[in-house]
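Report on the structure
Okay, here's what each chain looks like letter by letter:
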Amino acid sequence: HSLSFTMADSNCFFTIGLPNLVAKAHPLVLYNIIDHYMRRNENSERVIGTLMGVVSDGAVEFRSSFPVPHTEMGDAVAVDIEYHKSLLELHQRVSPKEVIVGWYATGNTLNEKTPLIHNYYTQEANPCVHLLVDTALTNGEMCMEAYVMQPVSLGDHKLGGNFSRIKLDLKTFDAEKIGVDVIARSKPDPRTGQMPDMSDLALLETSVRKLLDLLDVVIDYIDGVV
């Protein structure tokens, strides 16, 4: 089954503010979003998905994600809720401590359909953060922004909500840092445009050495405690 929304279901405004909440994204999440975008259907301009993670000390941490099929026609949006629920159940079997913390979409700006989808996810997550990833490299680089929706009221009457941008940081586990470092070293030389001469074996050796160094730190810590 899918859940459908139309523009009549939303009454939201788009402004920019900086609430105290902070979002932190792991590299794996960004990789998954890019991979989802690259594998999208030819007639799809953007993709959306669910963000999983943890909330603690005023920060929302995006640790993983999964895609959710959706269609957009005119002023309507249909989201495959059954698919979402099925993947959510499977994900929480593997990572029971992770909960829904928001959703992602590709693109370079919020649009009129953003609040339609966001309204659904606010029923699943509190706080609910929207991560916008510009996979099309509109300005020559991949920009990422995080938003929350805050209620707008006039007296006792709720008028709707406004999207406010919040601080977004990149957070990595030690194991993730190794992969990020390898990718960074694999970028073309800005002077020649050529890739560095690093074979798969050399990259693997570098990664293994760093992992061994980390293990040494852990062993030293355990020995100190014991």
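Our subject in this report is the structure included herewith.

Turning our eyes to something else, we now look at the overall build of the protein chain. Looking only at helices and strands, one finds five helices and 11 strands in the protein chain. Looking at the 226 residues of the protein chain, the share that counts as buried comes to 35%. When contacts within the protein chain are restricted to residue pairs at least 6 apart in sequence, long-range pairs at least 24 apart make up 66% of them. Surface exposure of the protein chain reaches about 13,900 Å², of which carbon and sulfur atoms provide 54%.

Next up on the list: helix H3 (residues 114-121). Within H3, seven of the eight residues are buried, leaving the element largely enclosed by the surrounding structure. Looking only at H3, the buried set comprises Thr114, Pro115, Leu116, Ile117, His118, Tyr120 and Tyr121.

Take the pairing of strand S6 (residues 70-73) next. Judged from the four bridges that link them, S6 and strand S7 (residues 76-79) form a sheet pairing that is antiparallel. Across the sheet, residue Met73 finds its bridge partner in S7, namely Ala76.

The next point concerns the nonpolar core. Grouped together as the largest cluster of nonpolar side chains are 19 residues, with contacts concentrated most on Leu51, Phe62, Val129, Leu131 and Ile166. Listed by contribution, the elements that provide at least two residues to this core are strand S3 (22-25), helix H1 (27-38), strand S5 (59-68), strand S8 (99-106), strand S9 (129-133) and strand S10 (144-154). Sorting elements by how many residues they give to this core places H1 first, with four residues. Counting 17 residues, the second-largest nonpolar core is a separate cluster that includes Ala105, Ile117, Ala125 and Cys128.

Basis of the calculations
- Residues numbered from 1 in each chain as written.
- Predicted model: local features only at pLDDT ≥ 70, side-chain atom pairs only at ≥ 80, totals over all residues.
- Heavy atoms only, no water.
- Helix = DSSP H or I, 4+ residues; strand = E, 2+ residues; numbered from the N terminus.
- Buried < 20%, exposed > 50% of the residue type's maximum accessible area, 1.4 Å probe, protein only.
- Contact = heavy atoms within 4.5 Å.
- Areas by Shrake-Rupley, 256 points an atom, 1.4 Å probe, with all protein chains shown as cover.
- Pairing = 2+ DSSP bridges.
- Core = buried A, V, L, I, M, F, W, Y, C linked by side-chain atoms within 4.5 Å.

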